[in-house]
Amino acid sequence: MKSEITQKGHSKILYEAHNSDMRMAPHSNFYYGINLGNHRLKSGNYTMKITGVADGNKFSFDKDFSISQKEAKNIIEALMHGRESGLRRKQQVFMIPPR
């Protein structure tokens, strides 16, 4: 599976992840995280594009999402204090919840 995050309406890839050997049950949802490394998540409007192959069938979808200034601030504060709130031990991981 390959995922890319861009600013909404732009083509420059800001963050990306590549994962293989992932499996999940049909018709199920899961949280998918992208490690942002040392980059800080900024407020704004973004698009995430995910592509992959499941059981020999290609799939792809795009999801637009927004991060408010308050959400970005909360994530940064959680990282600074080492709390776990959808983040893994002082790594900035962005997660898109299933809908």
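In case you missed it, the structure is sitting above this.
Residues numbered from 1 in each chain as written. Predicted model: local features only at pLDDT ≥ 70, side-chain atom pairs only at ≥ 80, totals over all residues. Heavy atoms only, no water.

Let's talk about the packing of aromatic side chains
Part 1: The tally for this structure, following the rule as stated, stands at 1 aromatic pair.
Part 2: Summarising the aromatic geometry, the rings of tyrosine 46 and phenylalanine 65 are spaced 5.6 Å apart at their centres and angled 20° between planes, so their arrangement reads as stacked. Within this pair, whereas tyrosine 46 is found in strand 4 (residues 44-54), its partner phenylalanine 65 is found in strand 5 (residues 57-67), the two being separated by 19 residues in sequence.
Part 3: Residue classification places tyrosine 46 among the buried residues on the basis of a relative accessible area of 5%.
Part 4: Here phenylalanine 65 falls in the buried class, since its relative accessible area comes to 11%. (Phe/Tyr/Trp six-rings, centres within 6.5 Å; stacked < 30°, edge-to-face > 60°. Helix = DSSP H or I, 4+ residues; strand = E, 2+ residues; numbered from the N terminus. Buried < 20%, exposed > 50% of the residue type's maximum accessible area, 1.4 Å probe, protein only.)

Brief notes about the sheet that holds strand 5
Within a sheet, adjacent strands bond to each other through the backbone by hydrogen bonds, running parallel or antiparallel.
Part 1: With antiparallel pairing, 4 strands are arranged side by side in an open sheet as 2-1-4-5. For this open sheet the edge positions go to strand 2 (13-18) and strand 5, each flanked by a neighbour on one side alone. Looking at each pair of strands side by side, their axes are set apart by 15° on average, direction ignored.
Part 2: Alignment of strand 4 against strand 5, held across 11 bridges, turns out to be antiparallel. Looking at the pairing, methionine 48 lines up with lysine 63 of strand 5. (Pairing = 2+ DSSP bridges. Axes fitted to C-alpha atoms, helices over the stretch in contact; angles between N-to-C directions.)

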